[in-house]
Amino acid sequence: MAGFTLRTLLASSLAAAQVFDLSELQWTLKNQNGSIVVPGSLPSQAHLDLFEAGVINDPLLGINEFTERWVINDNWTYTADLTPFTKTYESDASGKTLLVFYGIDTMANITFAGYPVAWVNNQFQRYIYDVSDYLSSSAGEDNNLTIALESAWYYGLNVTMRPDAEYFPNTPVVPTSGNFEYPNVRAWIRKTDDDFGWDWGPAFIPSGVYKPAYLVTLSESELRDPVSDATPCPVTSSSILLDETSLDIYKYGQNSSVAPDQSADWIVNITFGIRSIKAFEKPTITLSIPELKLTSEPLNLGPIPANVDENTYLCVNWSIPDNTPERWYPVDLGNPKLYNLTVTLDPSPGQGDGPSAESITQTITTGFRTIQLLQTPYSEEEIASRGITPGDQWHFAINGKAFYSKGTNIIPFDPFYSRIKPEAARWVLESAIKSGQNMPSDAATDGGLYAFYSLCDELGILAWSELIFSDSLSPINEFLLESIEPEVRQNVRRVNRHPSNVQWAGGNEIEGIVMAANTYLANGTHYLDEFVFMFQDYLHDIVLSETNSVPYTDCSTTRGVLSLDPYVLRFANGTPGYIYGNTERYNYNASEAFDLTTYPVSRFVNEFGFHSMPSFYSWEEVLENPEDYAFNSSVVMSRDHHPPPGNLSWPNPNAPQGQYQMTSAVELWLPTLGTSDSNQTFAQWCWSTQLFQSMNTVAEIAWYRRGAGLGENNLGSLVWQLNDIWQGVSWSAIEYSGRWKVLQYGMATVYSPVVINPFWFPGNESLTILATSDRWETVDGTAQLTWYDWSGNAISSMTTPFSIPTLNNSLIYEGIGLDAILPFGYNTKDVWLLMNVTATVENKLVTSESYFTPVSLAYSNLVDPQIAVIASDNYTFTLSAKGGVGAWTWLDHPSGSVGYFLDPATGLPSNGYYLIPGIDRTVQFISSIELATVQSPDPADFVVRSIWNNTHI
């Protein structure tokens, strides 16, 4: 059959329903008044189809975020003729045809053959409708499926005019609604928050059917169709649609307030959301894990009613002895072991040997682990014996063991979810692992990708998940709550199977807002009461009714709890001097960037960072004119949304603040930029902002890791942010194309299992150097400290052994007063200190290094490093300093290439280091074939730079 395909069951069902993929229809897209009509597609979004048709340019190019705002202001309709489906539709008086949408963005009226089907208003829900009655006769001559999308911006303006729409006062002290670009509407719409603008990305407010959609025809007759390998595809038999299969693995007796008994049996809970055209009295479930040679007895599921209008939820439990499966661990702590679990639903067992014709078999990849978020008070014994500051715990434990969470916050991989590529997500997650991370945070919408959690499971990286509420008080309205409940339930059930998921946070950065509202706003207790209803009670109860394996917390940044059962938030109820909850730090006063007294002392720091420019190469992807290539050009500044405008003003009137913060940071801590080549100066400015970002963030990470062995018992630091959503100013470590920034390499050093770091307090001129380990076992090793001058001469050196207990530090050096710290006869501008550690971890040699300069590099007496680069086979480069020390020597790969540099000797990422005369560095460029648009870059196009190039060509 040309032009379309009938698809059948994904998995080995013997008798499958007809499944028609709606992407096979011929779609058109038109605007409200019909003046624009272009070919459409599914899945897609209006911007993408308009771009494909040549109506608009690439939305990410230049200033198109502004010039193409008219797309947001219009309503867009997708229409397709159903004839390809109806011609193949096998009419059956007993049959039912279901219209299945996995994701519609966001407000839409759906009509089928002229009949109204539904109005939808939630981007995060899956929708199913019975359209059987509309197939026999269309309304008039209409034989179309139509999805009429309403402008989310105008919908938001309209809904806020409702008499029951609560007004949230925004004041300078209490910004109750974080307005980034399109103001005052996002709290009323169940749509990705950053679609309306954020300080790290654009505001396109996309609309469309952004995930797959199908027509599923169920029949009482047992049609035998071939099995298809098409994915994703609804799971069916001829008469049953398995809309949901939730898999929750936990320990017997475990729940949100009861810690798992690590020796107890595993409970494998399977919950089905079933729609069936027939009733079945005694269906059974059989579970097996072939690798473990485990198979359950047929488990009674309970009667399945004949009902296609809504899901019937039925579940079974299977008990497995504790020591039978190998446990799943994040890759830095063990093996992320996964198993294939085979699930067979037999609705009519006992009809002969083997499953009946209507049985459905699925294979689910999963793992066995326990994850806890520990929030109870430290005991008096721990306080006395370990020197812990009194207060509550706030950290995670995997399989009963506390560990140090090292990570970053993930944002969507693209403004348009329908075009996100799994290989882009894989590259970002693999890059996170290469830089030593074990926990990316804020996987609120899977980064826009359903495969996100599966990638985390496979790669062995933990995912901190959030529901979609951020930086705004949330209205309590019935029409919102009735949409939120199924959204949350569907997504918790969907994610349950993934061992990588560590928690569900109700929202992000809202608790602090409501605490301020309670203190400073008239009727402040009203806003607090609403928050308690939504985040302490409503969302908490929904989430924990769907999972026993994953904890819930009200907000990603929180003061913690007074009680877990019942769940009661702490807010401001605490004892002065005690430590509660977690925290974040954003300080854009560059003069305090390395002032350790301004860094928080906390159990866990879940957001911190500083913004930077993307590289010159990323700007080449979006800048259209030569005059745009300047640090403060109008186009560059239009792509700096920090601080955000708060409204539709363009260009962002607040961008000069963000630009100044980067400029002042570079000028304070690095040589002031300026060369005779304007493009080099711009490229060097971009790189220098990245270098400062890395220096600042690495210093903070070192401080927080140090806290694991101090009173705060800090067991987590999550940097804001990992990836980019476009080519613009942001806090990211990886650019939109996949190119690593300086910070990504900086994290590869400071997130190494064993590190050495200096802690300098200029107030009393004290320097402490610590070796820090995040290992569960004691680590023994050697530290070496060597003072150099900027010509590369070694002045003095010392070596000392160390032994670091579990999750702790070892003191390497302590000195007070520059006269005692510096080599005799040298001043602060002429010397710097190289610190190295060498240790054995899990029978592997681990090395790490860091640097201490007693004065800002802006004032150091640098010497021309005269860096020479020799290219060899397989993109191997040897770098030599022929003059002085090359401070922060950096190698750039050319435009169109994507990859990273590693040290062939250690296999670890290597870029951005002090290159010392006589100590060459050899690195190899490892390319991402899937992401690179230039597969074989010319080695001559690789560019070397250091901070010497800030002032010299």
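In this text, all values refer to a predicted model and were calculated from it rather than measured experimentally.

Q: Any details on the overall build of the chain? Residues and values, ideally.
A: The helix and strand tally for the chain stands at 18 helices and 49 strands. Its C-alpha atoms give the chain a radius of gyration of 29 Å, near enough to 30 Å, the size a compact globule of 953 residues would have. Over its C-alpha atoms, taken along the principal directions, the chain stretches across nearly 95 × 65 × 65 Å. Scored against the burial criterion, the 953 residues of the chain give a buried share of 63%. Taking as baseline every contact in the chain between residues at least 6 positions apart, the subset at least 24 positions apart corresponds to 71%. Between the mean site of the 46 positive side-chain charges and the mean site of the 104 negative ones, the chain shows a separation of 4 Å.

Q: Would you mind going over the sheet that holds strand β3 (residues 27-31) in detail, with residue names and values included?
A: Here six strands make up an open sheet; going across it, the order is β4-β3-β5-β11-β8-β9 and the pairing antiparallel. Of all strands in the sheet, those bounded by a partner on one side alone are β4 (37-40) and β9 (115-121). When the angles between neighbouring strand axes are averaged without regard to direction, this sheet yields 20°. Bridge count between β3 and β4: four bridges; the pairing is antiparallel. By the bridge assignment, W27 is partnered in β4 with G40.

Q: Break down the side chain of S405 for me, with residues and values.
A: Secondary-structure assignment places S405 in strand β26 (residues 405-409). Residue classification places S405 among the buried residues on the basis of a relative accessible area of 0%. With residues up to four places along the chain from it excluded, the contact list for S405 reads F396, N438, M439, F604, L715, G716, S717 and L718.

Q: Which residues make up the pattern of salt bridges, and what values do they have?
A: Two side chains bearing opposite charge may form a pair once their charged atoms approach each other closely. By the definition in use, this model includes 32 salt bridges. Linking R739 and D892 is a salt bridge whose minimum nitrogen-to-oxygen distance equals 3.9 Å. With R739 in the loop between β34 (716-720) and α17 (742-750) and D892 in strand β44 (residues 886-892), the pair connects residues that are 153 residues apart, well separated along the chain. As far as the burial class goes, R739 and D892 line up, both buried. Across the pair E842 and R775 runs a salt bridge, and its minimum N-O distance is 3.7 Å.

Q: Please give an account of the pairing of strand β40 (residues 831-841) that cites residues and values.
A: Most of β40 is tucked away, with eight of its eleven residues classed as buried. The pairing of strand β37 (residues 779-789) with β40 spans nine bridges and is classified as antiparallel. Looking across to β40, one finds that D789 is bridged to V831. Bridge count for β40 against strand β41 (residues 844-852) is nine bridges, and the pairing is antiparallel. Note on β41: the bridge partner recorded for T838 is T847. Where β40 folds back onto β41 in an antiparallel hairpin, the turn is made up of two residues, including E842, whose phi is positive at roughly 50°.

Q: So, helix α8 (residues 422-434): which residues are in play, and what are the values?
A: In a regular helix each residue adds 1.5 Å, so 13 residues correspond to 18 Å; α8 covers 18 Å between its end C-alpha atoms and thus fits that length. Looking at the packing, one finds that the buried side of α8 touches α9 (452-459), α17 and β45 (899-903). Just beyond α8, the residue with positive phi is G436, at close to 90°.

Q: Can you tell me about the environment of L670, naming the residues and giving the values?
A: Note on placement: L670 falls in the loop between α15 (655-669) and α16 (678-706). For the pair L670 and G907, spaced 237 residues apart in sequence, the C-alpha to C-alpha distance is 30 Å. With residues up to four places along the chain from it excluded, the contact list for L670 reads S688, L691, F692, M695, S856, L857, A858, I947 and N950.

Q: Tell me about the packing of aromatic side chains, and please be specific about residues and values.
A: According to the stated counting rule, one finds 66 aromatic pairs in the structure shown. With a centroid separation of 5.9 Å and an interplanar angle of 85°, the aromatic rings of Y102 and Y214 are classed as edge-to-face. With Y102 in the loop between β6 (96-101) and β7 (104-105) and Y214 in strand β13 (residues 213-218), this pair connects stretches of sequence that are 112 residues apart. For Y102, a relative accessible area of 17% translates into the label buried. When its relative accessible area of 1% is taken as the criterion, Y214 is described as buried. Feature note: the residues Y586, Y588, F594, F610, W669 and F692 constitute an aromatic cluster, connected by ring pairs. Positioned over the ring face of Y339 is K337, at 5.0 Å from the centre of the ring. One cation-aromatic arrangement involves R921 over Y913; the distance from NZ or CZ to the ring centre is 4.4 Å.

Q: Residue-level account of α15, with values.
A: When the terminal C-alpha atoms of α15 are compared, their 22 Å separation across 15 residues agrees well with the 21 Å that a helix rising 1.5 Å per residue should span. Within α15, the full set of buried residues consists of A655, G658, Q659, Q661, M662, T663, S664, A665 and V666. Packed against the buried residues of α15 are α14 (634-638) and α16.

Q: Before we move on, could you go through the environment of W198 and cite the residues and values that matter?
A: Following the sequence through the fold, W198 ends up in the loop between α6 (152-159) and β12 (208-209). Separated by 445 residues in sequence, W198 and P643 place their C-alpha atoms 9.2 Å apart. For W198, the contacting residues outside a window of four places in its chain are F180, R186, D193, S470, D471 and H641.

Q: Go over the confidence of the model for the chain with me, naming the residues and quoting the values.
A: Predicted confidence across the chain gives a mean pLDDT of 93, with 96% of residues reaching 70 or more. Below pLDDT 50 for its whole length, residues 1-14 participates in 56 contacts with residues either more than four positions away or in separate chains. In this model residues 223-231 is a low-confidence stretch, pLDDT under 50, and it forms 22 contacts with partners more than four residues away in sequence or in other chains.

Q: Tell me about the sheet that holds strand β24 (residues 395-398), and please be specific about residues and values.
A: Read across the open sheet, the three strands follow the order β23-β24-β25; overall the sheet is antiparallel. The open sheet has two edge strands, β23 (371-374) and β25 (401-402), and neither has a second partner. Sheet topology places β24 next to β25; two bridges connect them, and they run antiparallel. Bridge pairing links A397 to A402 in β25.

Scoring rules and cut-offs
Residues numbered from 1 in each chain as written. Predicted model: local features only at pLDDT ≥ 70, side-chain atom pairs only at ≥ 80, totals over all residues. Heavy atoms only, no water. Helix = DSSP H or I, 4+ residues; strand = E, 2+ residues; numbered from the N terminus. Rg over C-alpha atoms; globule rule 2.2 N^0.38 Å. Buried < 20%, exposed > 50% of the residue type's maximum accessible area, 1.4 Å probe, protein only. Contact = heavy atoms within 4.5 Å. Lys, Arg positive; Asp, Glu negative; His and termini not counted. Charge placed at Lys NZ, Arg CZ, Asp CG, Glu CD. Pairing = 2+ DSSP bridges. Axes fitted to C-alpha atoms, helices over the stretch in contact; angles between N-to-C directions. Salt bridge = Lys/Arg side-chain N within 4 Å of Asp/Glu carboxyl O. Expected span 1.5 Å × (residues − 1). Phe/Tyr/Trp six-rings, centres within 6.5 Å; stacked < 30°, edge-to-face > 60°. Lys NZ or Arg CZ within 6 Å of the ring centre and 35° of its normal. pLDDT = per-residue confidence, 0-100.

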